[in-house]
Each structure stands twice: as C-alpha cells, then as structure tokens.
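# A closer look at the structure
The lines below spell out each chain.
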Amino acid sequence: MNVAVTMFSGGRGAAGIARGMLGTPGVALSLVVNGYDNGLSTGALRRYLPGMLGPSDFRKNLLLHLDPADPARAALVTVLEHRLPGGTTPAGLAAVVEAIATRCGTFAALPEAAREVVTADLRVFARRLAAYPHGLDLADCALGNLVFAGAYLRLGRDFNAAVDACARTFGSPVRLLNVTNGENAFLTALRRDGSLLADEADIVAPQGPGVITDLFLLREPLGARRRAELEALPPAWTREVLGRERAEVTPNPRTLEAIRDADLIVYGPGTPHSSLLPSYLTPGVADAIARSRAAAKVFVVNIRGDHDIRGLSAPDLVDRTLAYLGDPRNARRLVTHVLSHRPARAGSVSAPDAPAVPYGVLDRGEWAGARWITADLERPGCLGVHHPERTAEALLAIRDEAALVRAR
C-alpha cells in the first residue's frame, strides 16, 4: 500500500493519529499547520522578533517520531522541550548552548549532525539576544522554539525555510508544512455577545459561555485600548471594522500540492478556533481540496471538549469547517465522511465535555451530505485521546472503500 495522507493539524490534538499513520507501512504523511500561536513564551518571542510566526505547533510535531526509550532520540526530545528557568539571562542561554556543544549532561547523547545545527542556530539567536537584550523574558521558553528562531534569523527571516531546516535537523519523517507563505498575522475572535478574544491565547483559555461566531487574521495585534473601542460597538460594526483590517496571506504552494496530490485528506481533531479553522481561511486551500484526487476527505470529531467549543455539537463543528472553507452546504464535497468515536462496550464512559453527536445523525448516518461513520477510537485508559493505530486504521479503511466505489 502506498497512500499519500494530508492532515490539517495543530500541536497535539492530532498527534496520536499522526503517530498511527507513521506506523503504517506505505503511508506518506503531510501535516498542514498554521503559525498563529502567541501564548505565553511563544507570544513573547513573536513580540521580540516582529514578523515571525509562532513556532510552537511546528516544534510539537517534530516529536512525533522520537522515542524517549532511544537515548539519541530522547536527547532530541530534551532539546526541543527543555524549558529555560526564570531569571535566565543572555549569558545563561549562552551557557546552555555550550553545554549542548560540549555534550554535557542530558545533551550528551545528541546525534552529532543534529548537535552541530542546533548549536549553530542557538548561537545565531544568542548573538541577537546579546546585541538586543531587552524585550524578551526567557522564563519558560522552550529551547526548541529558540532553535526555530535562530534558523529563522539565519535563513533571512524566512519562516517556511526555518520549518524545513528544523524538520531536517530533527530527522522528521513527516512533510511538515505551514499553510501560508509565512506572512505574519494575528488571530482574533468575536463572540456572539460582541465580546472579543483578542488573540490566540485568549481563544484557547478558559472563557465564558458565549459562542465564537467569527475569526479574523489581522495585520496588527489588538491592544487593550483598541479592544475596548471595538467592544463598545455593535457586533455587526465590530465585524465590519475587523474585516477591513484583515491580513493578506497567501498559500504555501507546497501545501496546495500536498492537498491536490493526497489520496486521503484528514481534517484532524484539536482546538478548532486556533489550530484548525484559521488554516481554512487561507486563500486557495478550499480550491485545492475541491480539485484533490483524494478519494475521501474525512472530518475527525474531537472526543473531548475544548474551551473554544463549549456549546457546540459535533455536527456544529462540521458546519464550522465547511463555512470557513467557503462551502457551507458542502456543494463541492469538501467533506465526504465524518468519523466519530463510539464506545465499544455499553456503559463505557466518554469524556463528559465531548462534542455531542445527536441520535438523529447517527440513525441517518449522514450530515451535510457527508457519510457519518462511528468506531471505537479512544485509547484505553486515556479518556478523550484518540487511539493511534485504531484511528489510523479506520481512516485508511474509509479511504480504501471510497477508492473502490470510485473505481466502479
């Protein structure tokens, strides 16, 4: 079996499915990710390097193939996930870089080729920090994000080139793709009551009961004063104003190619309003999906809730995806199948905040013209987490059946 799978993903929500795909012989996996993360230390790094997107979700996807039981791979995980303590100075960062370069402590098993590149990129960033020491608190910064930042500076502030370089450095078998050409943009959401979630960090944080109705990619981040001005307007006016301030982003040609050449397209689970729906706002993505040779285009329903989807059912999430793709009635067949979790045993407990699937949808086996399929997808002992192999197997089975139907 040789199957090209392209999956829209975030940082960790679809990681299990990606691992299941990587463990399946003959599957070539492309992951499409956006860079709008700006929480905590990632936000601080983006403010320090104006113009740079957030590297966090890309960093997390470099962990997919790394087995902590393998000393060399465990050392790669250590580099990516090592968090700098509070009070770290530019000199302290330089000391960490030298520890990596001289094979000290937990960095001793780092493969030589990776060590050279990691050290070089961290030194690029450390030199920048030494020259401009103000404006960045290194507390809790993931070292992997600083490797990305160094690669970004070294490669002429080309974010997508930095993604490619880091994927090579950490030996990723995944084709890791930014959905855009790397243009800087800031995510903002509007709720039904007119209140604003000013950035991606607000969107993923615990929040009140208001449902998110709109997402915007803005040219500039919203400051407190601007936010207050917009919230004083009627929601319809706020929507119009934000629409005029949208950032101009363009699609990554390699992302469009991966979509068009896929045998299976997967809309992965995750935090929809930060990790997934913003990717569908990218011009050209919906057209590439419509023209794709993929036999199946499958929406995978979350099996646990998230702060940003309170009050939304599983069919609501499918509808949101279609709306952001510009095909609210699914006339272009951008979603052909929906895959949701169904406990195998009566009395099995599901995550209490999982998006609900109405019985009527299950009885019909259809929503918005897409076939609705259920299977036991949860990892035993991990409430709300997709089972890697079982979910990958279900997705590939959907693709195989759809390919057979198409061939008749």
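Residues numbered from 1 in each chain as written. Predicted model: local features only at pLDDT ≥ 70, side-chain atom pairs only at ≥ 80, totals over all residues. Heavy atoms only, no water.

### Comments concerning the packing of aromatic side chains
The tally for this structure, following the rule as stated, stands at five aromatic pairs. Consider the rings of Tyr48 and Phe125, whose centres lie 6.1 Å apart with planes at 70°: the pair is edge-to-face. Of this pair, Tyr48 sits in helix 2 (residues 40–48) while Phe125 sits in helix 6 (residues 112–131), placing them 77 residues apart in sequence. With respect to class, Tyr48 is no different from Phe125; both count as buried. Seen in terms of ring centroids, Phe58 and Phe159 are 5.3 Å apart; in terms of plane orientation they differ by 75°. Their pairing is edge-to-face. A residue pair is termed long-range when its members are at least 10 positions apart, and Phe58 in helix 3 (residues 56–61) and Phe159 in helix 8 (residues 159–169) qualify at 101 residues. Both residues of the pair, Phe58 and Phe159, belong to the buried class. Grouped by ring-pair contacts, the aromatic residues Phe8, Tyr267 and Tyr280 constitute a single cluster. Lying over the aromatic face of Tyr48, Arg128 brings its terminal NZ or CZ to 5.4 Å of the ring centre. (Phe/Tyr/Trp six-rings, centres within 6.5 Å; stacked < 30°, edge-to-face > 60°. Helix = DSSP H or I, 4+ residues; strand = E, 2+ residues; numbered from the N terminus. Buried < 20%, exposed > 50% of the residue type's maximum accessible area, 1.4 Å probe, protein only. Lys NZ or Arg CZ within 6 Å of the ring centre and 35° of its normal.)

### Remarks on the environment of Asn302
The topology assignment puts Asn302 in the loop between strand 8 (296–300) and helix 15 (314–324). Remark: the alpha-carbon pair of Asn302 and Gly268, spanning 34 residues in sequence, is separated by 8.4 Å. Non-local contacts of Asn302, meaning those with residues more than four positions away in its chain, are made with Pro269, Gly270, Pro272, Ile309, Pro355 and His386. At 2.7 Å, the side chain of Asn302 and the backbone oxygen of Gly270 are in polar contact. (Contact = heavy atoms within 4.5 Å. Polar contact = N/O pair within 3.5 Å; in protein donor to acceptor, adjacent residues only side chain to side chain.)

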